[in-house]
Structure formats: structure tokens, C-alpha cells
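# Examining the three-dimensional arrangement
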Amino acid sequence: MSIDALSAPLVPDNRAAGAWLYERVAEWYPLDRSITGNGLRKTLDCIGEHIPLTTCEIPTGTAVFDWTIPREWNVREAYIKTPSGERIADFREHNLHVLGYSVPVHEKVSLETLREHVFTLPDKPEWVPYRNSYYKENWGFCMAHRQLESLEDGEYEVHIDSTLEDGSLTYAECYLPGEREDEFLLSAHACHPSIANDNLSGLAIAAWLARALQDRPHRYSYRFVFAPGTIGAIAWLARNEAGAQVVRHGLVLACLGDSGQSTYKRSRRGDAEIDLAAQYVLSQSGQPHAVLDFSPYGYDERQYCSPGFDLPMGCFMRTPPGHYPEYHTSADNLELVQADCLADSLAKVAAVIAVIEGNGRYRNLNPKCEPQLGKRGLYSAIGGRTDTRDLEMAMLWALNLSDGGNSLLDIAVRSGYRFDQIHAAAGALEEAGLLSPV
Amino acid sequence: MSIDALSAPLVPDNRAAGAWLYERVAEWYPLDRSITGNGLRKTLDCIGEHIPLTTCEIPTGTAVFDWTIPREWNVREAYIKTPSGERIADFREHNLHVLGYSVPVHEKVSLETLREHVFTLPDKPEWVPYRNSYYKENWGFCMAHRQLESLEDGEYEVHIDSTLEDGSLTYAECYLPGEREDEFLLSAHACHPSIANDNLSGLAIAAWLARALQDRPHRYSYRFVFAPGTIGAIAWLARNEAGAQVVRHGLVLACLGDSGQSTYKRSRRGDAEIDLAAQYVLSQSGQPHAVLDFSPYGYDERQYCSPGFDLPMGCFMRTPPGHYPEYHTSADNLELVQADCLADSLAKVAAVIAVIEGNGRYRNLNPKCEPQLGKRGLYSAIGGRTDTRDLEMAMLWALNLSDGGNSLLDIAVRSGYRFDQIHAAAGALEEAGLLSPV
Amino acid sequence: MSIDALSAPLVPDNRAAGAWLYERVAEWYPLDRSITGNGLRKTLDCIGEHIPLTTCEIPTGTAVFDWTIPREWNVREAYIKTPSGERIADFREHNLHVLGYSVPVHEKVSLETLREHVFTLPDKPEWVPYRNSYYKENWGFCMAHRQLESLEDGEYEVHIDSTLEDGSLTYAECYLPGEREDEFLLSAHACHPSIANDNLSGLAIAAWLARALQDRPHRYSYRFVFAPGTIGAIAWLARNEAGAQVVRHGLVLACLGDSGQSTYKRSRRGDAEIDLAAQYVLSQSGQPHAVLDFSPYGYDERQYCSPGFDLPMGCFMRTPPGHYPEYHTSADNLELVQADCLADSLAKVAAVIAVIEGNGRYRNLNPKCEPQLGKRGLYSAIGGRTDTRDLEMAMLWALNLSDGGNSLLDIAVRSGYRFDQIHAAAGALEEAGLLSPV
């Protein structure tokens with residue numbers, strides 16, 4: 001992959017990275033996450049084993065813009081007992097069996113009544129769907145449609161030992177100060193229970209990047225936000241309304257471990273530097289990929305790109321949400337996610353970071369005619385050779401277009417030379433006193 | 001047709017509309033119109049039977065910008081008497097037989113001389129051409145080429161009992177005040193004699209729209225101008241130079257009854273709201289269609305879009321003038337025009353009007369993060385469903401892009417949702433206090 | 001070719017022009033040019049036989065921006081004597097045999113040492129390459145690879161009787177004042193020795209144009225610069241830093257005699273009037289052609305389009321440098337260049353000049369509605385004819401778009417009418433008092 005030159009500093013060994021990422025996904029998979037509760041806390045603690053995290057608890061009832069932090073939800077146990085006494089849809093077997101935010105219930109109901117509270121996927125009869133009812137009180141179970149169809153008439157005992165009480169919503173941040181206060185924000189949602197690709201892939205890759213960046217100098221300050229989807233991102237924005245103003249670039253990370261092609265969804269602005277950098281990296285990858293226009297649906301770019309913030313944040317994915325059959329089902333599991341796909345996604349995000357880090361605008365200090373590169377040892381001594389050398393050409397491009405307006409990425413795109421070539425050329429020219437950063 | 005939702009208020013029954021339109025065309029077809037005269041007056045009277053019309057007479061000799069209102073022309077009778085005494089090219093049989101604005105003549109001429117005053121279509125030997133000589137005194141006849149070829153040598157009596165005298169040029173307007181003074185101008189030329197598609201189709205559709213709009217509330221004020229081509233439009237503009245400044249949108253209507261595909265010709269501006277709306281409606285129609293760039297040739301958009309006015313007016317047609325073989329001949333008759341084609345054109349123009357009426361810009365009053373649609377009853381209660389619902393998505397788009405800059409039509413085009421969906425979403429959001437019109 | 005109407009005033013007879021151009025190329029071919037020296041002076045003298053030239057000598061050591069005028073180089077004789085006493089690589093047989101700017105040398109060397117100073121083209125074993133070492137002292141020979149391979153071991157006498165001494169760099173200018181001080185700059189490099197297409201084709205065509213323009217009135221002032229590549233253009237710019245500000249349009253001329261398709265390389269601006277004019281002429285030619293974006297590599301557009309000047313200058317060529325196999329070899333000779341290709345290139349450049357000369361912006365003095373062309377004798381008297389006449393249409397376009405912003409070329413491109421038609425229409429309208437130049 002031709003973006004290795006860009007990703008290598010953060011991802012020196014793709015295979016080792018893939019193994020590490022897959023281990024994290026597998027380790028965090030069983031935890032019973034939701035938008036609040038102990039499973040979410042436990043997950044953030046696990047992430048905190050690898051990077052410095054600051055955790056924040058926001059009490060139930062706190063207003064965050066148009067929303068209110070809900071009650072905290074925890075489940076001790078939950079199951080259905082059939083007329084023959086068999087326990088099915090047992091929360092201990094799979095945490096998807098309980099409708100998210102179910103109120104406690106313990107009663108006996110007919111099959112007819114039970115059916116009103118059971119969610120299945122008739123088209124995928126073996127898979128358990130993932131369903132929530134965050135903002136309307138309800139109880140319910142999710143199960144395989146085949147199992148529902150096999151149930152006989154009779155009296156069923158439904159048992160959900162949950163608590164829905166005042167508590168708090170938890171999110172965590174990792175902040176890595178750089179040369180500048182300007183920030184690169186990376187955000188991953190942490191609220192899905194045992195769903196591997198949609199959630200854990202993003203958390204693991206964000207954790208890797210934070211771990212790798214903390215050991216290296218960087219121009220931008222980096223902030224990683226691990227928060228429940230929607231309400232968590234809204235809570236973070238509400239508490240960081242001023243801080244959001246220093247976000248210069250950002251990415252939402254999700255669905256990064258399946259075998260589909262890489263996909264970048266542009267920010268609302270559409271032509272932010274992050275949009276150009278992500279598009280550039282994908283086009284350089286030489287692999288099939290997709291670049292999608294912004295839409296106000298998807299992950300937390302919905303909040304970051306709301307018109308009152310309009311942050312320059314896109315979303316990096318493989319197959320977008322809702323576009324793979326396993327999405328929001330029990331089949332989004334440890335078989336769907338693959339170590340090499342995780343590593344490939346990581347390398348691309350690392351390359352985007354490298355482009356953003358290396359990008360800049362320069363001014364040609366010798367703008368009238370070309371400078372004589374030869375006398376500075378920057379040019380081939382024997383004229384007339386037709387084998388043009390890439391670095392020389394990259395220098396000519398960097399000199400010609402460095403009028404303060406074009407960034408190195410602009411120059412790379414217009415010239416057709418690689419970003420790392422243009423970047424190296426600009427570095428050599430700056431050292432020779434021919435370019436000055438603006 | 002997917003634009004029914006837009007056109008229905010003005011055109012509830014396409015079949016009935018088609019019948020009405022065809023009746024009007026058939027009724028007005030025999031009248032001997034020109035750019036002045038009694039046939040033109042009679043036509044405007046007929047239109048006035050259906051809608052409130054104000055008629056305006058401008059005396060011969062009046063200066064209108066670079067032009068002068070010509071003398072008024074009327075014909076009592078006209079014919080050629082052959083050597084054998086037969087009357088041919090008789091005005092009573094078809095008013096195309098007389099060269100428009102022929103001076104009176106009554107003399108005997110040789111076949112050779114006659115030929116210098118006879119216009120035919122050698123390529124279409126059965127059809128009579130439509131010819132005028134408004135600004136250079138002449139007399140002449142138009143006839144089928146086959147007939148001309150059959151004439152024998154001898155003395156011919158040419159008889160045109162016409163008057164070309166000081167009088168006036170007539171045009172009429174129907175003004176329907178709306179909530180705003182801003183105007184939507186619709187213009188149709190009324191100067192062609194027995195030519196069905198090129199003229200009468202536009203007059204009939206304009207009459208329908210005026211009749212339908214007078215019974216309904218509307219944001220814009222509507223003005224319908226029924227005037228002779230070129231000199232009539234120039235006269236209207238000369239007398240309404242200030243009034244033209246309130247024209248926000250406009251359409252010239254012509255050639256709307258043939259079976260060709262619908263065609264929209266853009267205004268000189270090219271990206272006026274009327275251009276976007278017409279293009280949108282045609283693209284939504286699901287039918288073959290054409291959108292043409294402006295050119296300074298065609299109908300009265302030539303005048304409305306002259307650089308000193310540059311009004312945002314396009315031209316709505318089916319086959320453009322000069323592009324169907326029957327154009328400006330006796331074959332542009334009641335067989336060329338079809339009721340269902342008239343109705344289809346009407347529905348599309350009505351849809352354009354509906355888009356313009358419904359289009360607007362809003363400001364999101366809760367611009368920081370999404371508002372919680374659920375607590376306002378605007379969102380599905382059970383999260384996690386993958387069947388995205390169109391109205392919800394339309395609301396998310398309207399919220400995200402309503403920053404005062406994007407119109408609802410812009411949002412429809414960018415989102416891919418239908419205009420009526422975005423419009424309905426904006427209405428629901430305005431009602432919920434989340435959007436405010438700007 | 002449909003651009004004949006444009007090129008004819010400067011090139012009335014293509015065949016005669018082709019013959020004249022080929023004669024010049026053949027006449028100037030044997031001279032031993034370099035970036036300084038007597039061969040260059042002799043070439044400029046030859047050009048000066050046809051047009052009024054001002055020659056400029058810049059002393060060695062003069063600073064020109066970042067560069068310094070080098071020592072002057074002249075060669076009296078040069079050859080290699082083989083062990084058997086045969087003279088090979090003799091400068092008198094072909095001036096490419098000596099590495100450009102070779103220091104004098106007279107010694108005996110082994111074949112091994114000789115090989116370090118011999119340049120060949122292994123892939124083109126019969127051709128002699130063209131090589132220089134302007135800025136690093138070296139001596140060397142260029143020869144056919146087949147010849148090098150045939151050399152036997154033994155002692156070789158290398159003899160280069162050259163001088164590399166303080167002297168001067170020579171360039172020449174032809175200035176033809178026009179109605180305006182604004183300049184059209186044409187530049188051709190004059191430093192290549194016996195290379196026919198890459199150099200002489202451009203010099204010959206520039207000479208023709210200067211000769212033809214001096215006998216005709218023209219709006220712009222024309223300046224032709226004949227200078228060695230790179231250092232010569234830099235020297236000219238250094239001495240004319242203020243004068244460069246009046247350059248409104250410009251072309252670098254090179255590689256204009258081969259049989260490849262015509263190629264225009266845009267200025268750094270990309271949308272300068274010269275870019276539009278050249279692209280227009282090529283598109284009108286009806287022949288295959290290429291229009292390339294600017295790149296900071298190639299001929300002296302590198303200097304003229306450096307960011308401190310950013311002159312609106314493109315480069316007119318046939319096959320671009322480096323893209324034909326004979327480039328910078330002995331095979332770029334009098335067989336590669338063809339009289340009809342030279343004439344074709346000349347006609348196209350002449351057409352570009354005609355477009356630039358004729359292009360202008362006008363203001364419609366009767367902007368409200370169309371003026372009545374008929375009463376001014378500018379319009380067909382009999383209305384209703386469907387054979388639209390090109391001049392009438394061109395007038396309507398010129399009237400409609402002449403708002404001071406659109407040039408005649410813009411109007412030609414937008415309307416689809418030819419530039420000469422729009423130009424003629426504007427002339428007729430100006431004469432009738434309907435348009436005024438801005």
C-alpha cells in the first residue's frame with residue numbers, strides 16, 4: 001500500500017497492530033454496555049489501562065442542550081421462563097436479549113402478550129436484533145425469530161431485574177497536548193453492548209492511536225472522546241462548547257473491522273482540510289473505497305456537524321451503518337471483525353493524521369524566476385537528462401505554487417506527486433532558505 | 001408521475017384539465033390574430049370570459065423603447081382569383097393565406113408577378129406557411145406549394161381588402177395579488193393566427209392557472225400577460241419598467257400541446273430560483289425532458305431577459321420553436337395539439353409554481369446538536385430500527401441545513417428527498433418551534 | 001481548417017509560409033549554439049536579417065535574480081583520436097558531439113577513463129544525445145552508443161579546443177509598438193545547437209510573425225524575445241522587471257515542426273485570456289489536439305510563470321518536450337521537421353493572435369429589450385422564416401451578453417457561434433451605435 005510511508009511512524013508493524021486491535025475487541029466484547037451504567041464504566045476502565053483517560057460523570061437530570069441526561073440503567077439478570085420451565089432469552093447468555101433500558105418486570109403473561117414485547121428479525125431468523133427504548137418506558141426481549149416461532153401457547157414468566165434510577169452518564173477523554181492548542185478530535189461511541197464492529201472497532205483503533213501519539217511529538221493537540229452515542233456526544237459538546245472552537249480537524253471512528261471497502265463520509269463543510277486529507281489517503285491507497293457526502297444521519301458527526309457547531313469532522317468507516325446485513329444484530333460479532341481489516345483501517349487513519357500533521361502553507365522567498373537549485377546541491381549536475389527525478393520535480397512544484405495560498409496537500413493533488421514527496425521537497429527547500437512557512 | 005403531490009392543488013383532475021384546455025384551443029383557433037387588430041381583441045375577450053382581465057390599448061405611434069407601435073391591421077377579405085375565375089388562397093378558408101400586415105391590393109397581375117408575392121414551402125408541398133411583413137410594406141399570399149405549382153399562366157386578380165391605419169396595439173393582464181408584492185410573472189404571446197400549438201396552448205394553460213390561482217391563497221402575487229409577441233412584450237415592459245423590478249420568478253409559456261418531451265429553457269441568469277425549480281420538477285417527472293441554456297432567440301424571454309431587465313424568467317415548452325416540422329405552418333393545427341399533452345404541461349407548470357410557492361429559507365432555532373425529536377412526538381420511539389423513515393430523515397436534513405442560506409429546494413436537491421417531503425418536514429419543525437422562516 | 005478566417009491576414013498562403021519556415025530552419029540548423037557564444041550571436045544575426053532586432057549583451061558575472069551570467073563558451077575544434085589514429089566524435093561533423101560547456105582538454109586517456117566522459121543512448125544506439133554541463137566544470141563527448149561499443153582498448157587522445165572565459169550572454173528582442181502599450185510577448189529559446197524541432201521551429205515561426213505584424217496595424221504592442229533557455233529568460237526578466245508588468249498575453253513557442261498534434265500548455269493562472277484563446281483556436285481547428293494544465297517544468301514558461309511574475313503566458317507546441325523519441329538527440333533534425341507542420345503551427349498561433357487582437361468587451365447601449373434591428377437594415381425583412389441567419393443570431397448574442405463583463409470570446413464560446421462571426425456582429429452593432437467598447 002503506497003500510504004505506508006505516511007502511516008509507518010504510528011503503525012510500524014501492521015500485523016502486530018492487527019493482533020493487538022483484535023485482542024481489545026475480543027476483550028471488551030462481553031461487557032454489557034448501554035448509554036449509562038456499569039458496563040459502560042467497565043469499558044472505559046479497560047481503555048484506561050492503555051492510555052491516560054479522564055472520566056466524567058454527568059448526573060441524571062442534567063440538561064445538555066435540548067436533552068436531559070436520563071436515569072442510569074443496570075441489569076442484574078433477565079430471562080423468560082417457558083410454560084415448561086425452560087429459561088430462554090437469558091441476559092447472561094447474550095446481553096442483546098434484553099431491550100435496552102427495559103424497566104424491571106416480573107410477571108406471568110400469555111404468549112400473545114409476550115409477543116408484543118419480543119423483537120425479532122423475520123428475515124434473519126437465526127439472529128438476535130439489537131433494540132433500545134431509551135426515552136419511552138417499556139420492557140422487552142430480543143430473540144431469534146426461529147425461537148419465537150417455536151414457542152407454544154401457555155403462561156410465560158418474564159423476569160427483568162433491572163434498575164432505572166438516578167445516577168449518571170459516563171464518558172472519558174484522553175488529551176495529548178501538542179505544539180499548538182489547535183485540536184484534532186477523534187470520537188468513538190461506547191454504548192453498544194456485545195456488538196463488535198459497530199463500536200468496539202472504533203474504540204480499539206482510537207486507543208491505539210492515543211497510545212502511539214503520546215510517545216511522539218505532534219503539531220496538533222489530540223483529544224480522544226469515548227462516549228455513548230448521541231446523548232454522550234451531546235453531553236461532551238454541551239460541557240465543551242468553548243473548547244470545540246479549537247477543533248481544526250476531526251474524525252468519528254466506527255465500523256472499522258469488517259471486510260468491506262474503506263469509506264469516508266465528508267464533514268458538513270465538504271471541503272475541510274480533513275475531507276481533502278481523507279480523500280487523498282483513500283485515493284492513494286490503490287484500493288476500492290468510497291467517499292460519501294455528508295448526511296445528517298449516521299454516527300456522532302450528526303452532533304459535531306450540527307449547524308451551531310459545524311466542526312470539520314468526517315466519519316471514517318469500512319461498510320457504513322445499516323449497509324451490512326449483520327448491522328445491529330448478534331451477527332456483528334467476533335467473526336465479522338478481522339485483525340487485518342482493523343489494521344488496514346488503522347493504517348489509513350494514521351496516514352490521514354500524518355497528512356494533517358505534515359500539511360502546511362509556505363511562501364517562496366525567491367519568487368521571481370526559479371532559484372538556481374544546482375548551486376545549492378539540489379539539482380542534477382548534468383543537464384539534458386530526460387529521466388526527470390521526482391524530488392527535483394517536487395521542488396519545482398513546491399516553489400511554483402508556494403504563494404501562501406496553496407497547502408502542500410493542494411500542491412500534491414495538483415502536481416500528481418505524492419504528499420510525502422512534496423513534503424520532503426518543501427523541507428529541503430525550507431532548509432535551503434527558499435521557502436518559509438506561513 | 002411523482003410530481004402529482006405538487007400539482008394536485010392547482011390541477012386536481014388531469015383528464016378534466018386536458019379536456020378544458022383542448023376546448024379553449026379549439027375555440028380560439030379560428031380567430032384571425034396578428035400583433036394588432038380585432039382578432040387579437042376578440043381573443044383577449046374570450047380569455048376574459050374565464051379570468052379577470054385588464055385590457056390595455058396603446059396607440060399607433062407610441063414609442064416603446066427602441067420600437068414604435070405600428071399601425072393597426074385588419075382584413076375583411078382576401079383571395080386570388082385565377083384566370084378561370086376560381087377563388088384560391090381565400091382568407092375565409094384559412095387566415096394563414098394572407099401575408100401578415102399585407103397592405104390592401106386589388107389588381108390584375110401575371111402569374112410571374114404573382115409568384116413574387118406568394119410564399120410556399122417546397123419541402124412540405126401540402127402545407128401553408130405562416131409569414132408576416134410587419135415593418136416593411138408589402139402584400140402577399142401564402143399557399144401550399146402544390147397549389148402554386150398547379151397554377152397556369154394567365155391573369156390573376158389579387159384582392160386584399162385590408163386596412164393598415166392608426167389604431168392601437170392591445171394586450172391584457174390578469175393580476176392576482178398574493179401575500180407579498182413580489183411577483184411571479186407568466187407571459188404568453190397572443191399574436192399568431194390559426195396556429196394551435198405555438199400560441200394557443202400557452203394562452204389556454206395560462207388561463208387555467210389564473211383561474212385556479214384566483215380561488216386559492218398564495219404567497220406571491222401573480223401576473224399573467226397576454227400580449228402579441230416581441231412588440232407586445234416590449235410595450236408591456238416599457239409601460240411597467242418599475243413594476244418589472246418586483247418580478248421574482250417568471251415563465252414564458254409556449255408550444256405546450258404537442259407530443260414532444262417537456263423542455264425548459266433557462267433564464268439568462270441560469271441559476272435563478274425558477275431555473276432550479278423547473279429543472280427539479282422535470283427531473284422528478286421521471287420522463288424524458290430537456291433543460292436548455294438561455295439563448296437570445298425564441299419567445300419573449302428575449303425581451304424579459306435583455307440585459308437591461310435580466311428578469312429571472314425561463315421558458316416552458318414541449319418541442320422548442322423551429323424544432324418540429326409543423327412549426328409556423330398550417331400543420332400546427334388541432335391535430336398536432338393533444339389534450340393529454342396539454343394536461344401534462346399544465347401539471348408540470350403547476351408543480352413549478354408549487355415549488356416556488358413552498359420554497360423558503362429557515363433558521364434552525366436549536367442549532368447546537370440535534371433537538372430531541374422524540375420528546376416532541378416527531379421521532380420513532382423504538383431506537384435501533386433500520387427502516388429509516390422518510391419524514392424523520394427529511395426533518396434531520398431540514399434541521400441540519402437550515403442555517404438561513406439553504407432553501408428547502410436546495411435541501412431537497414442535496415438530500416435526495418422529495419421537495420414535498422422536505423417542505424412537510426419544515427412545516428412540522430416550524431410548528432414545533434424548531435425552525436423559523438428567514 | 002475553420003480557423004483560416006482568423007489566420008489569413010498574417011498567413012495568406014500556408015504553402016508559401018511552410019516553405020519559408022523550413023528554409024529558415026535548414027539555414028540555421030548547422031550553427032553551434034549554446035547559452036552563450038558566437039553560434040548564438042550568429043543565429044540572432046540571421047534572424048535579424050528578416051526583422052528589426054535589438055541585441056543585448058550581458059557580461060559574465062552579472063547577477064540576474066538568483067543566478068549569475070556564466071562565462072562565455074566557444075569551441076574551435078574537438079574530437080577523439082582512436083588508437084588507430086581515426087578522428088571520431090568530431091565537432092565539425094556534428095556539434096552535438098561535444099558536451100555543452102566542456103572545459104578545454106588535450107590529453108591521452110585509456111578507454112576506461114574515456115567512457116566516464118562519453119554520453120550515449122543505449123536504447124537508441126544510432127543517435128547522438130544532446131548533453132550540457134553548464135554549471136559544473138567537466139569535459140565530455142556525446143556519440144552513438146553503437147560507436148562507443150565498437151571502440152577497442154588502447155590509448156585515446158581527447159582534444160577539446162574550447163574557451164570558457166569572461167564574455168557575455170546574448171539575447172535579442174524585436175519590439176513592434178501597437179495602439180496600446182499593453183504587450184503580447186512571444187518568446188523562443190535560442191540555445192540548442194543542431195536541434196531542429198526543439199528550438200529552430202519556434203525561432204522561425206516567431207520571425208515570421210514579427211515580419212508579418214510589422215506591416216500591419218495592431219492593438220497590442222508585440223515583443224519577441226529570442227534568448228537562451230532558462231538563463232536567457234531569467235536575464236530578460238531581470239532586466240525588464242517593470243516592463244513585464246505590461247505583458248497582457250504571451251506565448252512560449254517551441255517544438256512546432258513535428259507531425260504530432262498541436263498542444264497548448266496553459267499558463268499558471270489557467271484561465272487567462274491567452275488560455276481561453278488558445279483553447280478556442282485548437283477546438284475550432286477540428287483537428288486532434290491537447291490542452292495541458294500548467295506544470296513548472298518545460299520551457300521558459302517556468303520563468304515567466306514563476307509566482308513572482310505569474311505572467312499570463314502559455315506554451316504552444318506540437319509534441320511536448322520529452323514526449324517524442326528524437327527529443328534532445330541528433331534525430332531531432334531536418335527530417336523530423338516538416339514544412340506543412342510548421343505552416344499549420346504558424347496558422348494556429350496567428351489565429352490565437354487574431355482572437356486576442358479582436359477580443360474586447362462591449363456595453364449594450366440599448367439594454368432594455370432588443371433594439372429594432374430591422375429599421376437599421378440589420379435584420380431580415382420578412383418575419384417568420386425558419387432559416388435563422390448566423391449574423392443575426394450573432395448580433396442577438398452580442399447584444400444580450402454585452403453587459404461589460406463578457407468578452408467577445410466569452411460570447412463566442414457561450415453561443416456556439418464562431419469568434420469571427422461574433423466579432424463581425426459586434427462591429428456592425430458598434431457602427432450602428434448599439435454597442436460601445438468598454
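This report concerns the structure included in the present document. From a predicted model like this one, the values you see are computed outputs, not experimental measurements.

Contacts between chain B and chain C engage 28 residues on the former and 26 residues on the latter. For the pair chain B and chain C, the two sides together bury roughly 2,400 Å², of which 53% comes from carbon and sulfur. Ranking the residues of chain B by area buried against chain C places B:D66, B:P296 and B:Y297 at the top, with a combined share of 27%. The interface formed by chain B and chain C holds 5 salt bridges in total. With a shortest N-O distance of 3.5 Å, B:D66 and C:K375 are connected by a salt bridge.

This part covers the packing of aromatic side chains. Evaluation of the coordinates by the stated rule reveals 33 aromatic pairs over all chains. Where C:W67 meets C:Y135, the ring centres are 5.7 Å apart and the plane angle is 70°; that geometry is what we call edge-to-face. Of the two residues, C:W67 sits in strand 3 (residues 67–68) while C:Y135 sits in the loop between strand 7 (118–119) and strand 8 (141–142), which places them 68 residues apart along the sequence. The rings of A:W67, A:W73, A:Y101, A:Y134 and A:Y135 are connected pair by pair, giving a single aromatic cluster. The ring of A:Y79 is capped by A:R87, whose NZ or CZ atom sits 3.7 Å from the centre of that ring.

Once that is clear, we can look at the sheet that holds strand 9 (residues 155–165) of chain C. All names here are of chain C. If you walk across this open sheet you meet the 4 strands as 5-4-9-6, and the pairing is antiparallel. Strands with a single pairing partner mark the edges of an open sheet, and in this sheet they are strand 5 (87–88) and strand 6 (105–110). Here strand 4 (residues 72–81) pairs with strand 5 via 2 bridges, running antiparallel. Residue pairing across strands places I80 opposite I88, the latter belonging to strand 5.

Here we take up the environment of B:I353. One can find B:I353 in helix 10 (residues 339–358). On the basis of relative accessible area, B:I353 is assigned to the buried category, the value being 1%.

Our focus in this paragraph is the relation of the copies chain B and chain C. When chain B is brought onto chain C, the operation consists of a screw motion whose angular component is 120° and whose axial shift is 0.1 Å, with 0.1 Å RMSD remaining. Within this description, the copies of the chain are treated as partners about a three-fold rotation axis. Scanning chain B for the C-alpha nearest the rotation axis identifies B:D271, at a separation of 13 Å.

Reading the values: rules and limits
Residues numbered from 1 in each chain as written. Chains lettered and ligands numbered in written order. Predicted model: local features only at pLDDT ≥ 70, side-chain atom pairs only at ≥ 80, totals over all residues. Heavy atoms only, no water. Contact = heavy atoms within 4.5 Å. Buried area = accessible area lost by both parts, 1.4 Å probe. Salt bridge = Lys/Arg side-chain N within 4 Å of Asp/Glu carboxyl O. Phe/Tyr/Trp six-rings, centres within 6.5 Å; stacked < 30°, edge-to-face > 60°. Helix = DSSP H or I, 4+ residues; strand = E, 2+ residues; numbered from the N terminus. Lys NZ or Arg CZ within 6 Å of the ring centre and 35° of its normal. Pairing = 2+ DSSP bridges. Buried < 20%, exposed > 50% of the residue type's maximum accessible area, 1.4 Å probe, protein only. Least-squares fit on C-alpha atoms with pLDDT ≥ 70 in both.

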